[in-house]
Structures are given as structure tokens and as C-alpha cells.
Amino acid sequence: MKNILLIHTGGTIAMKLNTDTGGVIVSAANPLTMEIDKIQQFARITEIEAFNIPSPHITAEHMLNLKDLIAEQTTSGEFDGVVITHGTDTLEETAYFLELATSTDLPIVLTGAMRSSNEIGSDGVYNLMSAVRVAANENAHGKGVLVVLNDEIHTATNVTKTHASNVSTFQSPQYGPIGIVTKSGIHFHHAPLSRIFLPVQAISKKVAMFKVYEGMASDLLHAASTMGYDGVVLEGFGQGNVPPTLLPGIRHLLSEKVPVILVSRCFNGIAQDVYAYEGGGKMLKEMGVQFEHGLSGQKARLKLLLTLCSK
Ligand code: ASP
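Residues numbered from 1 in each chain as written. Predicted model: local features only at pLDDT ≥ 70, side-chain atom pairs only at ≥ 80, totals over all residues. Heavy atoms only, no water.

1. Quick look at the site of the ligand
Lining the immediate surroundings of the ligand are Gly11, Thr12, Pro54, Ser55, Pro56, Gly87, Thr88, Asp89 and Ala113. Between the ligand and the protein, one listed contact pairs a nitrogen atom with a side-chain N or O atom of Asp89 at 2.8 Å. Protein coverage of the free-state accessible area of the ligand, which is 270 Å², stands at 85%. The residue inventory of the shell around the ligand, partitioned by class, reads three nonpolar, five polar and one charged. (Near = heavy atom within 4 Å. Polar contact = N/O pair within 3.5 Å; in protein donor to acceptor, adjacent residues only side chain to side chain. Areas by Shrake-Rupley, 256 points an atom, 1.4 Å probe, with all protein chains shown as cover. Nonpolar A, V, L, I, M, F, W, Y, C, P; charged D, E, K, R; others polar.)

Laid out in C-alpha cells, this is it:
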């Protein structure tokens, strides 16, 4: 039987519905711990509670702590895989941080739930069981950090939360999942081609992110420079364009040696240097804006943050 390290961080998967108020609340004792017997048939589980917080409270510092915890716990070779339970709001960010900041071939699988532990149709224990089954599967090795919910296996790089409340919220737009979980087994049908490793030791930089909108002025970019941000990510229009009113702000940041990264605010396709008009991708590239192909804004931001912190 495989040995799986189970790290809890909180989120809805560890919460309860208060039937008097109708609010979903953090539970002092993690309800998943009471259900571990149901999971032990798939792997030998060692549980650690790293944090017990809603995922909107998770910061890059927490992600760094998780990276260090995984390194510390897995160096002995005792574990065959790692499962992390996490709130779904920022789950994709923690998953992508760990994708960049860890270099182990061991499966690292994140999971969560959309319905808390005592709600009808709660998906927590089921998703945890699926994540453990994936982490214990030989074919999960060398595929980078994975996200498993609702019978699907996604890469940390491509997955995103697409629905505020539906249990099938986690999707990989344009790419799809790389495998599925069924009653009989774990079936991978794709594998990622490459992986980047950024050996971050401390979070020492600040990166801002802005979604570009019609007529957007340069003042927020000037403010980012004044406030000491070390990098800026822009989610631009379509194939990678911005309004001309943003150009003075971009020029200012670049003149201050603050990297400006451009992604598309469309969730399919990539930003590239196609249009040669004022504010078009060609002009931005000539100015020194860097294009990040195929990442969402929140992931491009983490990649820039970790790149700057690893220097
Ligand atoms: N707001 C919750 C959180 O991210 C949502 C969830 O876990 O599904 O902690």
C-alpha cells in the first residue's frame, strides 16, 4: 500500500454549514479527519494540518510554507505522494505556485470542495478520496502538480475556477483535463510537455496585476511605480492589445526597469504581437512588454513574482 502525506489548509472542504444562520463557517476540528477511515483503504495516510483558513486568506507566504513543508516531509523518501486540501477560491494559485517552486517527481495533488461537510451533496470526502487515489497512482509521477475534483485530473498550469458554486467548477479552458477518475481506475490521456523550476526561498518582491478595460488611463500604472511594485501584469484585450491611454504608464514602468507582462483577458488563446496600431501587440513588444503565452493573469503574476524572487 502507498504512503500518502495529507496536508490540510482549510477551505470549504473543512467547513460546516451553521443551520441557524445559514452561513458556512470554519470548523475547529477538521471534519475530514473524522472520515479518514473511508480513505485508508486506498493508501496509508499521514495527516498534517498546516493551516485551517479560508483560501481568500492564503498568501504567497503560506504557499512558500507549504513548499518548505513538502520538502521537509518528503526528503526521507517515506511518502509516495502528497495531497493538499485547500479552499477553492485560490486553489489554482497555490497549485501553480507549487508547480513552479517544487521540482520533485512525486505526485502533488490539490483538492477542495464546493459544498461544506454537512451540506446535502457535500463533495469533500469524495474529492479527497479521488485525490488520494490519483496521488497513489504510478502514472501520476512526473506530471507536475495536479488538481483533482469532480472526477477530473487537471494540471496546475491550465486549471481555473470557472463557476462560483457548481461542483464542476474546475476546468482547463482550451486544453481540458489530462485524465479522469472512474470507479475502476485512474486514466491519464495526456501529459504536460515541460516544467519550469523557480527555486524561490523568500517572498521579497511585489507584483501588481490589472485587468485592462476600455479607455483605461495610465494613473494606476504610475501608482504601481510610486508604490514600489517590482513588476506589473496586464490582462490585455484579445490577442494582446491595450488602449493608447495606457501607453504613457507602460513606458514609465519600463523606463523604471519594472517588467511589464502581458496576457490576454480572454480565457482561450494567447497574447501575441499581431496588431501594429497604437497600443497594439506589435507596438507593445517593440516597447519591451513581455508576452506570457497561455497563462491567466493570476498565474502570470505568480510566475513573475517567483522569477523576481528567485534572482
Ligand atoms: N470561499 C471558500 C474558500 O476558498 C470556497 C471553497 O473552499 O470552496 O475557502
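2. Thoughts on the sheet that holds strand E13 (residues 207–211)
Across the sheet, four strands lie side by side as E13-E14-E15-E16; this open sheet has parallel pairing. Edge positions in the sheet fall to E13 and strand E16 (290–291), since each of these pairs with one other strand and no more. Two elements, strand E15 (residues 260–264) and E16, share two bridges in a ladder whose sense is parallel. Bridge assignment links Ile261 to a residue of E16, and that residue is Gln290. The strands touched by helix H8 (residues 297–309) are E13, strand E14 (231–236) and E15; relative to E14, the strand with the most contacts, the crossing angle is about 160°. (Pairing = 2+ DSSP bridges. Helix = DSSP H or I, 4+ residues; strand = E, 2+ residues; numbered from the N terminus. Contact = heavy atoms within 4.5 Å. Axes fitted to C-alpha atoms, helices over the stretch in contact; angles between N-to-C directions.)

3. Re the pattern of salt bridges
Taken as a whole and judged by the stated rule, the model has seven salt bridges. Note that Glu235 is salt-bridged to Lys211, the shortest N-O span being 3.3 Å. Placement of Glu235 in strand E14 and of Lys211 in strand E13 is noted, with a sequence separation of 24 residues between them. (Salt bridge = Lys/Arg side-chain N within 4 Å of Asp/Glu carboxyl O.)

4. Some details on the nonpolar core
Counting 43 residues, the largest nonpolar core has Phe97, Leu98 and Leu110 as its most contacted members. Put simply, the parts of the chain that give this core at least two residues each are strand E1 (3–8), helix H2 (60–74), strand E5 (81–85), helix H3 (91–101), strand E6 (108–111), strand E7 (145–149), E15 and H8. When neighbours within four sequence positions are excluded, Leu110 is seen to be in contact with Ile84, His86, Leu91, Thr94, Ala95, Leu98, Val145, Leu146, Val147 and Val148. (Core = buried A, V, L, I, M, F, W, Y, C linked by side-chain atoms within 4.5 Å. Buried < 20%, exposed > 50% of the residue type's maximum accessible area, 1.4 Å probe, protein only.)

5. Topic: a nonpolar patch on the surface
Taken together, the side chains of Val274, Tyr275 and Tyr277 make up a nonpolar region of the molecular surface, amounting to roughly 270 Å² of accessible area. Its place among the elements puts Tyr277 in the loop between E15 and helix H7 (281–287). By relative accessible area, Tyr277 is classed as partly exposed at 43%. (Patch = residues over 30% accessible without salt bridge, like charges linked within 9 Å, V, L, I, M, F, W, Y side chains within 5 Å.)

6. Some details on the pairing of E15
Taking burial as the measure, the five residues of E15 include five buried ones, the bulk of the element. Burial along E15 is two-sided: the residues Val260, Leu262 and Ser264 and Ile261 and Val263 are all buried. Note: E14 against E15, five bridges, orientation parallel. From the neighbouring strand, Val233 faces E15, where its bridge partner is Ile261. Handedness of the crossover joining E14 and E15 through helix H6 (residues 247–255): right-handed. Assessed by its sense of winding, the connection that carries the chain from E15 through H7 to E16 is right-handed. (Right-handed = clockwise from strand over helix to strand, strands pointing away.)

7. Here we look at the sheet that holds strand E12 (residues 186–188)
Hydrogen bonds between backbone atoms are what pair the strands of a sheet, whose relative direction is either parallel or antiparallel. Spatial ordering of the open sheet is given by E4-E1-E5-E6-E7-E8-E11-E12, a layout of eight strands whose pairing is mixed. The sheet terminates laterally at strand E4 (44–49) and E12, the two strands that pair on one side only. Recorded for the sheet is a direction-independent mean angle of 25° between the axes of neighbouring strands. The sheet strands contacting H3 are E5, E6 and E7, and the helix crosses E6 at an angle near 170°. Most of the contacts of helix H4 (residues 124–135) go to E5, to which it runs at about 160°, and overall it touches E1, E4, E5, E6, E7, strand E8 (152–155), strand E11 (179–181) and E12.

8. Description of the side chain of Thr90
When you line up the elements, Thr90 lands in the loop between E5 and H3. Thr90 gets classed as buried once you look at its relative accessible area, which sits at 13%.

9. Some points on the packing of helix H5 (residues 219–226) against H6
Look at H5 against H6: their axes get within 7 Å of each other, and the N-to-C directions meet at 20°. Here H5 lies roughly parallel to H6, going by the angle between them. Here H5 runs over H6; the crossing is left-handed. Contacts from Leu221, His222 and Ser225 in H5 reach Pro248, Gly249, Ile250, His252 and Leu253 in H6. (Parallel < 35°, antiparallel > 145°, perpendicular 65-115°, else oblique. Left-handed = near helix turned anticlockwise from the far one by under 90°.)

10. Let's talk about the packing of aromatic side chains
Given two aromatic rings, their pairing is described by the distance between the two centres and the angle made by the two planes. In total, this model carries one aromatic pair according to the counting rule given. Lys143 extends its terminal NZ or CZ atom over the ring of Phe188, reaching a point 4.7 Å from the ring centre. Against the face of Tyr229 rests Lys206, its NZ or CZ located 4.4 Å from the ring centre. (Phe/Tyr/Trp six-rings, centres within 6.5 Å; stacked < 30°, edge-to-face > 60°. Lys NZ or Arg CZ within 6 Å of the ring centre and 35° of its normal.)

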